[in-house]
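Chain and residue survey
Given next are the chains, with one letter for each unit.
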Amino acid sequence: MVLDYLRQRGHGGAERALREALGLPSPPADEEGKDDNIGSEPPQTTVSDAELRKHLVPFWQKKDKPSENVLADAKVTMQSLLSGGVTTPSVAQLLETIGPGGADEILSLDPTDKHEGFRDLETWVEGSLDMYRPEFRPILFPIFCHFYLDLVQFGFRDAGLEFFKTFSPSLAPSHSKTLHHLSTLLLPSHVQQDDLAQRFRNEKYALRMSRSGANLLLGWFTEGIGGEGAGVGEGFSGEKGKRGRASVLRVVNNHLQIDVTPSKTTSVSTFVWEETTGLLSSLIPQPRGGNDRRTLADPAAFNTSKGELKLGSLPSDDGLYSEAERALREQVMSGAEHELSTQDLQNIRPPVQTGLIAPQTSDLLPLPPSFKTIDVRREIEKIRDARKRIRLEPSALALEKDSASPQAAAARARALPSICAYTLHDVGDGVPCSTFSQDSSLMAVGFSESYIRLWNLKGEKLRGMRNDFDPNSIRDPSTLRKAREKDAKTTRKLIGHSGPVYSLSFDPLGGSAAPPQYLLSSSADCTARLWSMETMSNIVAYRGHQNPVWDVQWSPMGIYFATGSRDKTARLWSTDRVSALRIYAGHLSDVDCIKFHPNSLYLATGSSDWTCRLWDVQKGVAMRVFIGHQGAVSALAMSPDGRYLASAGEDLAINLWDLGSGRRIKKMTGHTASIYSMEFSSESSLLVTGGADWTVRCWDIKSSGSTGRAGLRENGIVNGMNGALNGKDHVEEDNIETSDLVATFPTKRTPIINVHFTPRNLCLVSGPYLSPDQR
């Protein structure tokens, strides 16, 4: 019926496009030659109504909800397809329900147009000038996503799979997780029911582009000129090229929002173009009653609207510092401590940080009214740590040109930390997490088999309480020692969770002066648990999350802790309450990692929605939004001076953010696989990261971080090669390292799951060894 209509009206091209889109045979040659003969007798229909209905049924939409497909109901789908149209409406009724464009929408869905259009666009982008390529490349990802979703939505499954297979490899380095998610959408009902697909459908994908770049893109849409590579073929001209560009233009007009900036291309960093790229409208917290849509969609405007943050050190507790000074002087008089220097006296009280607003006591979470002996011991140990700390100066490496000179060796000694690696063997199903205590005496490891194992790194025995232990019998330290187990080892297993253990955190109250008293853990069983290091047992289970809890972290002051979960929220808890004190809601996907600010006023969260947020712990509102990653955020680190936040994502990039302004300072690249953990040195000058590429990498925070292909840095040899490695295990041919990567320390086959700096700048890392037969 429809084919006859198109043939009678002389629309031969439209008829062929519809036949090709529906996978129908071509008409006989003698009939095709009669297309333009108006007076000729109409040819016979070659496709039955039932067959055409069978091909059109994937496009059948509900009358009351035009955005939903009838095929969302599996029963209706099978009945319609198997019956050959018994339950489907007529062809005319079907065409009326196919989107707002009716039959024209079907005619524009030729799958070959999308294939040709994306191929031509990709060729044009890669063939453009080097100065324009960074701002053109971000447009490829949303075009790819919409083309694939269109093909699946309208029933072209095979064409969609071929399109995905052809063009996804070039986008995989930055968007692997999203591409994997899209590859699971194979039916129209999948697209309609998937949250990410609906976000692409209903929200505008924001892009930034210079005025000259936008003009060049417009020129390609209209004329198909500019950026042609050698041997492009007829894609940039001819009928195929025009239809391909038209299909790209439809996506740009309907689903993209291009923000044209007045800045010149040459004056903008190559990483700036992606800072405000993505589905931003739902990522920016919306002020109550706000009507300025531009402000709501601009993270910089939102961050500015929140005003200045109080990022300075905690208020001084004069009583605590006076008691610490008195105790130190007594130790000096007894000969147990060296004479106090002027620097020691200055280290007793933290210095006032310039350029940062210091919080007031009223800004802090409620704390005990008076300090304890352990607090005094912690402050005294901080002074000893500051006295013996190794000062790391990574900027010294930039001054040495000859890497073989004695001066370069001395610079490396000043710049790079000593790294102590703990390797776990025979770990069974896997090791999701590990952590070190602040005094470096304990290491805790969480296993996929639902238990935790402790190791005493000093070789001391871990003694718990006897099974027949009676708390009422404890009267003094001697009776407590008698109640402990006689037989003990340097390692101990803690059993209590009913799912894989994803995160661990030792309490910080004792600092480096004493072993921790408590351990927090989070698990797939939706709980966080508090373990006593005195009794080696679980004492509290905190329930409230409805999904697995990915991360748990103590507040720097102790007492309080936070959790992040798959239920898209982070929560604040107190050890003396079994219910959450605050719920931080706003992320669009899992809260994968969390980190407290050093002064405990703010909590940073990283999410699978590709963003980070900084929350006011007391008020429970977002104060900063950080947008710039092209994948889920996998790790966070807060600098000890309170100025910077480092975030690592599945796009294999590390972003350094200024907390005060919310702006990205720089982007650091070099890892070739997922980044699991990272931490700043005590001076906030060096960042150490570890990940699934079996390496530990050191980054200079103060460096400008320009992009350029750097030499392999292995075993701490800067700009050098380790001849002992054959290079097969550490392939970095296609990876661009930024210049702020100062050293790379490879392991044999150990992914680094935890990085920890001691107060004296010794770096501890840990991970499970993967045998060659493991992936």
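Data block above holds the structure.
Residues numbered from 1 in each chain as written. Predicted model: local features only at pLDDT ≥ 70, side-chain atom pairs only at ≥ 80, totals over all residues. Heavy atoms only, no water.

1. Some remarks on the overall build of the chain
For clarity, the cut-off: By the criteria applied, helices consist of DSSP H or I runs no shorter than four residues and strands consist of E runs no shorter than two, each listed in order from the N terminus. Each residue gets one of three labels from its accessible area relative to the maximum for its type: buried under 20%, exposed over 50%, partly exposed in between, using a 1.4 Å probe on protein chains only. In this description, contact between two residues means that some pair of their heavy atoms is separated by no more than 4.5 Å.
Looking only at helices and strands, the chain features 22 helices and 29 strands. Taken across its 775 residues, the chain has 51% of its residues classed as buried. Within the chain, residue pairs in contact and separated by at least 24 positions form 60% of the contacts whose partners lie at least 6 positions apart.

2. Observations concerning the sheet that holds strand S8 (residues 501-506)
Strand pairing in a sheet relies on backbone hydrogen bonds, with the paired strands running either antiparallel or parallel. Keep this limit in mind: For two strands to be treated as a pair, DSSP must find no fewer than two bridges joining them. Under this scheme, a helix contributes an axis fitted over its contacting stretch, all axes are lines through C-alpha atoms, and angles between N-to-C directions fall in the 0 to 180 degree range.
Pairing within the open sheet is antiparallel, and its four strands lie in the order S8-S9-S10-S11. What marks the edges here is a single partner per strand, and that holds for S8 and strand S11 (537-543). Each adjacent strand pair in this sheet contributes to an overall mean axis angle of 20 degrees, direction not counted.

3. Section: the sheet that holds strand S15 (residues 582-585)
Taken together, the four strands give an open sheet; going across it, the order is S12-S13-S14-S15, and neighbouring strands pair in antiparallel fashion. This sheet does not close on itself; its edge strands, each paired only once, are strand S12 (549-554) and S15. Ignoring which end each strand starts from, the neighbouring axes of this sheet average 20 degrees apart.

4. A short note on the packing of aromatic side chains
What counts here: Only Phe, Tyr and Trp rings are paired, with Trp represented by its six-membered ring, and only when their centres lie within 6.5 Å; those with planes under 30 degrees apart are stacked, over 60 edge-to-face, the remainder tilted. In this scheme, Lys NZ or Arg CZ marks a charge over a ring once it lies within 6 Å of the ring centre and within 35 degrees of the ring normal.
Going through the model one piece at a time under the given rule, you end up with 25 aromatic pairs. With 5.6 Å between their ring centres and 75 degrees between their planes, Phe118 and Phe163 make a pair best called edge-to-face. With Phe118 in helix H8 (residues 111-126) and Phe163 in helix H11 (residues 157-183), the pair connects residues that are 45 residues apart, well separated along the chain. Seen in terms of ring centroids, Phe118 and Phe167 are 4.9 Å apart; in terms of plane orientation they differ by 65 degrees. Their pairing is edge-to-face. Highlighted residues: Phe118 in helix H8 and Phe167 in helix H11, separated in sequence by 49 residues. The same class applies to Phe118 and to Phe167, which are both buried. Linked through ring pairs, Phe118, Phe144, Phe147, Tyr148, Phe163, Phe164 and Phe167 together constitute an aromatic cluster. Cation over ring: Lys493 sits above Tyr451, and NZ or CZ is 4.3 Å from the ring centre.

5. Things to note about H11
For clarity, the threshold we go by: Given the number of residues in a helix, its expected span is that number minus one, multiplied by 1.5 Å. By definition, a residue's bend is the angle between the axes fitted to the seven residues ending there and the seven starting there.
The end-to-end C-alpha separation of H11 is 11 Å, well short of the 39 Å expected for 27 residues at 1.5 Å each. At His175, H11 shows its largest bend, some 120 degrees. All buried positions along H11 are accounted for by Gly160, Phe163, Phe164, Phe167, Ser168, Leu171, His175, Thr178, Leu179 and Leu182. Looking at the packing, one finds that the buried side of H11 touches H8, helix H10 (140-153) and helix H13 (195-202).

6. Description of helix H14 (residues 211-223)
Compared with an ideal rise of 1.5 Å per residue, which puts 13 residues at 18 Å, H14 spans 18 Å between its outermost C-alpha atoms and is within 8% of the ideal. For H14, the complete set of buried residues consists of Gly213, Ala214, Leu217, Gly219, Trp220 and Phe221.

7. So, the pairing of strand S28 (residues 754-757)
Every regular strand shows the same layout, with side chains that alternate between the two sheet faces. Judged by which residues are buried, S28 turns out to be covered on both faces: Asn754 and His756 on one side and Val755 and Phe757 on the other are all buried. Alignment of S28 against strand S29 (residues 763-768), held across four bridges, turns out to be antiparallel. Looking at the pairing, Phe757 lines up with Cys763 of S29. With antiparallel pairing between neighbouring strands as the criterion, S28 and S29 make up a hairpin whose turn holds five residues, including Asn761 at a positive phi of roughly 70 degrees.

8. Side note on the pattern of salt bridges
Convention followed: For this analysis, a salt bridge means a side-chain nitrogen from Lys or Arg found within 4 Å of a carboxyl oxygen belonging to Asp or Glu.
As enumerated under the stated definition, the model contains 21 salt bridges in all. Linking Arg760 and Glu381 is a salt bridge whose minimum nitrogen-to-oxygen distance equals 3.5 Å. One end of the pair, Arg760, is in the loop between S28 and S29; the other, Glu381, is in helix H20 (residues 373-388), with 379 residues separating them in the sequence. Between Asp567 and Arg571 there is a salt bridge, with the nearest N and O atoms lying 3.5 Å from each other.

9. Points about the packing of H8 against H11
Rule in force here: If an angle is under 35 degrees, it is roughly parallel; if it is over 145, roughly antiparallel; if it lies from 65 to 115, roughly perpendicular; otherwise it is oblique.
Where H8 meets H11, the axes come as close as 10 Å, and the angle between the chain directions of the two elements is 10 degrees. Put simply, H8 runs roughly parallel to H11. Contacts between H8 and H11 pair Pro111, Lys114, His115, Phe118, Arg119 and Glu122 from the former with Ala159, Phe163, Thr166, Phe167, Ser170 and Leu171 from the latter.

10. Some words on the side chain of Asp150
Residue position: Asp150 is located in helix H10. Since its relative accessible area comes to 14%, Asp150 is described here as buried. With residues near it in sequence (within four places) discarded, Asp150 still touches Lys114 and Arg201.

11. Considerations on unusual backbone geometry
A positive phi angle, near 80 degrees, is found at Ser450, a position not held by glycine. Relative to the helices and strands, Ser450 resides in the loop between strand S5 (442-446) and strand S6 (451-456). Backbone geometry places Trp610, a non-glycine residue, at a positive phi of 80 degrees. With respect to the element layout, Trp610 can be found in the loop between strand S17 (602-607) and strand S18 (611-616).

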